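# Understanding the architecture of this molecule
Chain by chain, the residues run as shown.
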Amino acid sequence: MYKKLFAIITIITIAVFSFSIVLAADDDMLKDVTNDVRDAVGGAENTIENGARDISNTAKDMTNTNSGNNAGSENTNSYTATRTSSEGTSTFLGMGPTAWTWLIIGIAAIAIVALVWYYGTQINNTNINRD
């Protein structure tokens, strides 16, 4: 058996190393691939630079608008963070958001412990025949 396996591996190794086909041997193809890679990297650089510039300009516009540079204009923006707050008197089944969070975390913890215990006892519950 080992002789057959050794012979097959030897034949495959000789077959792999006996051919010398090189796909990038053509200079024009190598130059084309190099230029394509350079173009792709250059395009990615331009995209990142433009995105960073847009983010920077947006941040500058936001700080210029809110930093008091428009002191002559009246601020009509009445947005407050309490509009999106999850705290408050709203309840579901008589429990607030914090109680629901702790209930879900407790159920998940119990499920994890039960699964670990179940898989841990599998070695004791199965009949393993070792000959």
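Here, every reference points to the structure presented above.
Residues numbered from 1 in each chain as written. Predicted model: local features only at pLDDT ≥ 70, side-chain atom pairs only at ≥ 80, totals over all residues. Heavy atoms only, no water.

Each helix and strand in the chain was counted, giving four helices and zero strands. Counting all 131 residues of the chain, 1% fall into the buried class. Just so you have it, the chain exposes about 12400 Å², and 63% of that area is on carbon and sulfur atoms. (Helix = DSSP H or I, 4+ residues; strand = E, 2+ residues; numbered from the N terminus. Buried < 20%, exposed > 50% of the residue type's maximum accessible area, 1.4 Å probe, protein only. Areas by Shrake-Rupley, 256 points an atom, 1.4 Å probe, with all protein chains shown as cover.)

This model, assessed by the stated rule, comprises one aromatic pair. Ring geometry for Tyr118 and Tyr119: centres 5.2 Å apart, planes at 70 degrees, overall edge-to-face. According to the relative accessible area criterion, Tyr118 is partly exposed, its value standing at 47%. The exposed category is assigned to Tyr119, whose relative accessible area is 57%. (Phe/Tyr/Trp six-rings, centres within 6.5 Å; stacked < 30°, edge-to-face > 60°.)

Below, the discussion takes up a nonpolar patch on the surface. Taken together, Ile8, Ile12, Val16 and Phe17 make up a surface patch of nonpolar side chains, about 460 Å² in accessible area. Relative to the helices and strands, Val16 resides in helix 1 (residues 2-17). According to the relative accessible area criterion, Val16 is exposed, its value standing at 55%. (Patch = residues over 30% accessible without salt bridge, like charges linked within 9 Å, V, L, I, M, F, W, Y side chains within 5 Å. Salt bridge = Lys/Arg side-chain N within 4 Å of Asp/Glu carboxyl O.)

A separate point is a negative patch on the surface. Side chains of Asp28, Asp32, Asp36 and Asp39 sit close together on the surface and give a patch of like negative charge. Topologically, Asp28 is positioned in helix 2 (residues 27-66). (Lys, Arg positive; Asp, Glu negative; His and termini not counted. Charge placed at Lys NZ, Arg CZ, Asp CG, Glu CD.)

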